[in-house]
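# Structural characterization, general
What follows is each chain in one-letter form.
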Amino acid sequence: MSANERPSGQQQTGRTAASATADSAFLRACRREPVSHTPVWFMRQAGRSLPEYHKVREGIAMLDSCMRPDLITEITLQPVRRHHVDAAIYFSDIVVPLKAIGIDLDIKPGVGPVIADPIRTRADLDRLRPLDPDDVKYVTEAVGMLTGELGATPLIGFTGAPFTLASYLVEGGPSRNHERTKALMYGDPELWADLLDRIADITAAFLKVQIEAGASAVQLFDSWVGALAPADYRARVMPASAKVFDAVAGYGVPRIHYGVGTGELLGLLGEAGADVVGVDWRVPLDEAARRVGPGKALQGNLDPAVLFAPRQAVEAKADEVLDAARGLEGHIFNLGHGVLPSTDPDALTRLVEYVHTRTAR
């Protein structure tokens, strides 16, 4: 069965879904095994750049769409149908597990997640209760629906990393300088460690739900961790991220670790427990491989803005990525960050086709 064939009409258990996807190019690349072509998927492929996404979500708030299995399934499948990518990414938002345990938050258009009552004292930690699978029954249902539709195409589960979620909770929303976050991290290191430890438990539980329902791989998004120096990351953040990776290690699914602006942290991202390290566009993949060291696959790393250039320029820049990836133990082609909202979907479709054709073995 090819990666683009989609059986329908039945749901699969997590075990049968894993069996169906085991020989896919994406999972083989994650495991650093030979592949028939370089696999491709895009961060934020499920969503805002697609007209069909805007149509299906019309009049529906973001968080509501993340809790409806029918919408989660449709939105996750849309880029697979359109672009023929080698993996689907579960449609959700990094704050969904926080919402599921009762944190009062909303995703405001044009702003992002906003926390009504930020967490800044030890007493506030009591609001971060453990996540129970019953809190996210819609995730189990949606993943089951998706694996039944995707067939041999793997589904990537994901969650936000402890540092990024802690920063949202402490700042109360998006932040340019993370001043409150760093003030807590440096000023009350014991409270900071306890905060990240609780978030690690919540995010690990969220990943377990996705894996047990049938996700074939997982990605930990640490969107803001590039704001840290390596020494601070190692001492004050890596233990929590490692706890998340350790919690799901027994499932045997590939674990991907990605952060923005993390060129100086790449080796540490791998050391935290990832099987695959995501690389943004600032560091060439051959240099990234040197920083990460052996035993890890790499994912990335075309600048998302390149997709606004003419086709010939896009292909030339894709060639640079593929040339830098030559000789890597394993490579998954991706952007260096998420798909930008105004990206032409046809540019993504052409890029997938180009990478598949150029790397066919």
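Before reading further, recall that the structure is shown in the block above.
Residues numbered from 1 in each chain as written. Predicted model: local features only at pLDDT ≥ 70, side-chain atom pairs only at ≥ 80, totals over all residues. Heavy atoms only, no water.

Turning to helix 9 (residues 179-187), its buried residues are Thr181, Leu184 and Met185. Down the axis of helix 9, the sector holding all buried residues measures 100 degrees, keeping them to one side. (Buried < 20%, exposed > 50% of the residue type's maximum accessible area, 1.4 Å probe, protein only. Helix = DSSP H or I, 4+ residues; strand = E, 2+ residues; numbered from the N terminus. Arc of directions from axis to C-beta.)

Once that is clear, we can look at unusual backbone geometry. With omega at -5 degrees, the peptide bond leading from Gly300 into Asn301 counts as cis. By the secondary structure assignment, Asn301 is in the loop between strand 8 (297-299) and helix 15 (311-325). With a phi close to 65 degrees, Arg32 is a non-glycine residue in the positive phi region. Judged by its relative accessible area of 37%, Arg32 falls in the partly exposed class. Look at His84: it is not a glycine, yet its phi comes out positive at around 60 degrees. Its place among the elements puts His84 in the loop between helix 5 (69-83) and strand 1 (88-89).

Within helix 12 (residues 238-248) the residues assigned to the buried category are Met238, Ala240, Ser241, Ala242, Val244, Phe245 and Val248. In the core, the buried residues of helix 12 are packed alongside helix 8 (162-171), helix 10 (189-213), strand 5 (217-222), helix 11 (230-236), strand 6 (255-259) and helix 13 (266-271). (Contact = heavy atoms within 4.5 Å.)

What follows covers the sheet that holds strand 4 (residues 155-160). If you walk across this open sheet you meet the 7 strands as 1-4-5-6-7-8-9, and the pairing is parallel. Edge positions in the open sheet fall to strand 1 and strand 9 (331-332), since each of these has one partner strand only. One ladder, built from 2 bridges, connects strand 6 with strand 7 (residues 276-278); its direction is parallel. Among the inter-strand pairings, His257 is bridged to a residue of strand 7, identified as Val277. (Pairing = 2+ DSSP bridges.)

Turning next to the pairing of strand 5. The element strand 5 is extensively covered by neighbouring structure, given that 6 of its 6 residues are classed as buried. On strand 5, burial covers both faces: Ala217, Gln219 and Phe221 on one face and Val218, Leu220 and Asp222 on the other are all buried. Two elements, strand 4 and strand 5, share 5 bridges in a ladder whose sense is parallel. Bridge pairing links Gly157 to Val218 in strand 5. Taken together, the 5 bridges between strand 5 and strand 6 define a ladder with parallel strand orientation. Bridge pairing in strand 6 links Gln219 to Ile256.

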